[in-house]
Amino acid sequence: MINEKRINCFQCQYFYTTWEQAHPRGCKGYGFKTKAMPSLVVFQSSGSPCMKFKPKVK
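Bear in mind the structure is a predicted one, so any value in this text is a computation, not a measurement.

Analysis parameters
Residues numbered from 1 in each chain as written. Predicted model: local features only at pLDDT ≥ 70, side-chain atom pairs only at ≥ 80, totals over all residues. Heavy atoms only, no water. Helix = DSSP H or I, 4+ residues; strand = E, 2+ residues; numbered from the N terminus. Rg over C-alpha atoms; globule rule 2.2 N^0.38 Å. Contact = heavy atoms within 4.5 Å. Pairing = 2+ DSSP bridges. Axes fitted to C-alpha atoms, helices over the stretch in contact; angles between N-to-C directions. Buried < 20%, exposed > 50% of the residue type's maximum accessible area, 1.4 Å probe, protein only. Arc of directions from axis to C-beta.

Enquirer: Residues and numbers for the overall build of the protein chain, please.
Expert: Within the protein chain, the secondary structure is distributed over 1 helix and 3 strands. Along the protein chain, from the amino end to the carboxyl end, the secondary structure elements read β-β-β-α. For 58 residues, the compact-globule formula gives about 10 Å, and the C-alpha radius of gyration of the protein chain, at 11 Å, lands near that figure. Partitioning the contacts of the protein chain with sequence separation of at least 6, the portion at a separation of at least 24 is 35%.

As structure tokens, then:
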């Protein structure tokens, strides 16, 4: 994935941290938990960047 197109999950409203050691990160948009960054998992699975990214409201 090219750095300028990489999506930062920490800035997404769907990102959350879980209490599970095996799966510490989660995505409410796609409904899964993972050890890696959710946007990276989406890219590796589909070949396209995350389409559900929404910036957090400050």
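That shown, we press on.
Enquirer: Quick rundown of the sheet that holds strand E2 (residues 25–27)? Include the residues and the values.
Expert: Note on sheets: strands pair through backbone hydrogen bonds, and any given pair is parallel or antiparallel. With respect to topology, 3 strands assemble into an open sheet ordered E1-E2-E3, the strand pairing being antiparallel. In the strand order of this sheet, the two ends are held by strand E1 (15–17) and strand E3 (32–34), each with one partner. Each adjacent strand pair in this sheet contributes to an overall mean axis angle of 30°, direction not counted. As paired strands, E2 and E3 are joined by 3 bridges and run antiparallel to one another. Along E3, the bridge assignment pairs Gly26 with Lys33. On top of the sheet, helix H1 (residues 38–46) reaches E1, E2 and E3; it is set at about 105° to E3, its chief contact.

Enquirer: Requested: an account of H1, with residues and values cited.
Expert: Residues Pro38, Ser39 and Val42 constitute the buried set of H1. Taken end-on, H1 shows its buried residues confined to a sector of 100°, consistent with a single buried face. For H1, the secondary structure elements touched by its buried residues are E1, E2 and E3. Gly47 occupies a position one or two residues after H1 and carries a positive phi of about 85°.

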